[in-house]
Amino acid sequence: FNEAQQILSFPNACRPESDSASQLWGILHRTVSQMQVPLVQLLIDAMVREEQDRISLYAKAVVPQMSSCAASAYRRLKENLLDRTYDPTKFVDILADLQGNYDCLGFGCED
């Protein structure tokens, strides 16, 4: 927030010739990426605890974000978490698909 506020505080920040829009786009992308981290963490936690309602809730927030990543992983995640009731025997495969898309979502395991 402070970074965006600083960019917009410069004189002429909103003029077409300014690069404010591209700078704000970068800030927005980083912010959205970081907002995904707790959603993914909570989805994984719900899968471990086998809490179907929470799995459904967090899957609805996380899985669509992966549609622009690896198409095959997105289809598997959609099938296993949105189209069907979660099957705990597929945990390892689902986790691998989630982790395989971290980079595309803009974060890593350390986040």
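Here the structure is a predicted model, which is why all the values come from computation and not from measurement. (Residues numbered from 1 in each chain as written. Predicted model: local features only at pLDDT ≥ 70, side-chain atom pairs only at ≥ 80, totals over all residues. Heavy atoms only, no water.)

Caption draft 1: The arrangement of a nonpolar patch on the surface in detail. Together, Trp25, Leu28, Val32 and Met35 make up a nonpolar patch on the protein surface, roughly 440 Å² of accessible area in all. Mapped onto the elements of the fold, Val32 is located in helix α2 (residues 20-49). Assessed through its relative accessible area of 35%, Val32 is described here as partly exposed. (Patch = residues over 30% accessible without salt bridge, like charges linked within 9 Å, V, L, I, M, F, W, Y side chains within 5 Å. Areas by Shrake-Rupley, 256 points an atom, 1.4 Å probe, with all protein chains shown as cover. Salt bridge = Lys/Arg side-chain N within 4 Å of Asp/Glu carboxyl O. Helix = DSSP H or I, 4+ residues; strand = E, 2+ residues; numbered from the N terminus. Buried < 20%, exposed > 50% of the residue type's maximum accessible area, 1.4 Å probe, protein only.)

Caption draft 2: Local environment of the packing of aromatic side chains. For the coordinates displayed, the defined rule picks out one aromatic pair. Consider the rings of Tyr102 and Phe107, whose centres lie 5.0 Å apart with planes at 35°: the pair is tilted. Exposure remark for Tyr102: the relative accessible area of 8% places this residue in the buried category. (Phe/Tyr/Trp six-rings, centres within 6.5 Å; stacked < 30°, edge-to-face > 60°.)

Caption draft 3: Examining α2 more closely. When the terminal C-alpha atoms of α2 are compared, their 44 Å separation across 30 residues agrees well with the 44 Å that a helix rising 1.5 Å per residue should span. Those residues of α2 that sit buried are Ser20, Ile27, Ser33, Gln36, Val37, Val40, Leu43, Ile44, Ala46 and Met47. Downstream of α2 by a residue or two, Glu50 has a phi angle that is positive, lying close to 55°. (Expected span 1.5 Å × (residues − 1).)

Caption draft 4: Looking closely at the packing of α2 against helix α5 (residues 91-100). At a closest axis distance of 11 Å, the pairing of α2 and α5 adopts a crossing angle of 175°. Considered as vectors, α2 and α5 are oriented roughly antiparallel to each other. Here Leu43, Ile44, Met47 and Val48 of α2 come into contact with α5, specifically with Phe91, Ile94, Leu95 and Leu98. The residue makeup of the contact of α2 with α5, split by class, is eight nonpolar, no polar and no charged. (Axes fitted to C-alpha atoms, helices over the stretch in contact; angles between N-to-C directions. Parallel < 35°, antiparallel > 145°, perpendicular 65-115°, else oblique. Contact = heavy atoms within 4.5 Å. Nonpolar A, V, L, I, M, F, W, Y, C, P; charged D, E, K, R; others polar.)

Caption draft 5: Layout of the confidence of the model for the chain. Overall, the prediction assigns the chain a mean pLDDT of 88, with 95% of residues at 70 or greater. When pLDDT is averaged over each element of the chain, helix α3 (residues 52-62) comes out on top at 97 and helix α1 (residues 2-9) at the bottom at 72. (pLDDT = per-residue confidence, 0-100.)

Caption draft 6: A look at unusual backbone geometry. A positive phi angle, near 55°, is found at Glu50, a position not held by glycine. Here Glu50 shows up in the loop between α2 and α3.

Caption draft 7: Just the environment of Val63, in detail. Its location among the elements puts Val63 in the loop between α3 and α4 (71-83). With a relative accessible area of 0%, Val63 lands in the buried category. Sequence separation of Val63 and Leu82 is 19 residues, and the distance between their C-alpha atoms is 8.1 Å. Excluding anything up to four places from it in sequence, Val63 contacts Tyr74, Leu77, Lys78, Leu81 and Leu82.

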